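Single-letter residue listing:
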Amino acid sequence: MSMKAPNIIPTADEFRTILRRRGLKATRQRLLVHEAMMELEHASAEMVKAKLEEKGHKVTSSSIYNILSQLADSRVYSRRPSMGSKMYFDVSGVKHAHLYDRENDTFQNVDVPGISEWATTQIKRRRFRGFSVEDIEIEIIVHPTKKGNKK
Ligand SMILES: [Zn+2]
């Protein structure tokens with residue numbers, strides 16, 4: 001359906017390098033969280049906890065949340081607010097577009113070449129009285145076409 005852009009997801013080795021550059025230690029827990037995030041791509045702390053438990057690792061929700069928040073603050077990861085109640089984290093800190101399935105409250109990366117650059121150029125020409133633009137996110141909001149297409 002959509003073209004993935006796997007190059008924006010850091011491998012375990014790239015993750016270690018990024019941590020080092022940001023002055024963060026490659027602790028066992030951070031590496032475990034990243035291992036889960038490489039598979040999940042977009043996930044809440046609870047989803048990471050469930051994935052780790054599946055693999056036989058026990059890490060508390062608060063530790064996971066702290067690690068995810070710190071990685072997002074350091075721009076190793078990014079935050080992805082959803083319309084549901086969950087705070088999602090994105091395994092990639094690189095800007096990219098998303099499909100957001102609002103029925104299942106899930107994200108996936110989508111490759112629409114040039115769209116972020118195009119939007120940034122368009123928006124930069126505009127002035128929004130009383131505001132300055134902080135960021136531009138491309139999010140294509142969708143719902144499943146077929147019944148039974150739910151996760
Ligand atoms: Zn993403």
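Read on for an overview of the structure. Values in this document were obtained by computation on a predicted structure and should not be read as measured data.

### Some words on the pattern of salt bridges
Pairing between side chains becomes possible if they bear opposite charge and their charged atoms approach one another. The full count for this structure, using the stated rule, is 11 salt bridges. A salt bridge links Glu35 to Lys55; the shortest N-O distance between them is 3.9 Å. Taken together, the positions of Glu35 in helix H2 (residues 28-40) and Lys55 in the loop between helix H3 (45-54) and helix H4 (61-73) put the pair 20 residues apart, joining distant regions of the chain. For Glu35, a relative accessible area of 38% translates into the label partly exposed. Among the salt bridges present, the one from Lys51 reaches Glu54, with a minimum N-O distance of 3.4 Å. Taken together, the residues Lys51 and Glu54, both in helix H3 and 3 residues apart, mark about one turn of the helix. Judged by relative accessible area, Lys51 falls into the buried class, the value being 15%. Here the salt bridges share partners, and the residues they tie into one network are Glu35, Glu39, Lys51, Glu54 and Lys55.

### As for the environment of Gln122
Inspection of the secondary structure puts Gln122 in helix H5 (residues 115-124). The spatial distance from the C-alpha of Gln122 to the C-alpha of Val133 is 12 Å, given a sequence separation of 11 residues.

### Remarks on the pairing of strand E4 (residues 97-101)
With 5 of 5 residues buried, E4 is to be regarded as a mostly interior element. Alternating positions in E4 separate into two faces, Ala97, Leu99 and Asp101 on one and His98 and Tyr100 on the other, with burial throughout. Of the strand pairs in this sheet, E4 and strand E5 (residues 106-110) are connected by 5 bridges, and their pairing is antiparallel. When the sheet's bridge partners are listed, Ala97 is paired in E5 with Val110. Linking E4 back to E5 in an antiparallel pair, the connection comprises 4 residues, with Asp105 at a positive phi of about 55°. In the sheet, E4 pairs with strand E6 (residues 139-142) via 4 bridges, with the strands oriented parallel. Pairing of Asp101 across the sheet is with Val142, part of E6.

Definitions and cut-offs
Residues numbered from 1 in each chain as written. Predicted model: local features only at pLDDT ≥ 70, side-chain atom pairs only at ≥ 80, totals over all residues. Heavy atoms only, no water. Salt bridge = Lys/Arg side-chain N within 4 Å of Asp/Glu carboxyl O. Helix = DSSP H or I, 4+ residues; strand = E, 2+ residues; numbered from the N terminus. Buried < 20%, exposed > 50% of the residue type's maximum accessible area, 1.4 Å probe, protein only. Pairing = 2+ DSSP bridges.

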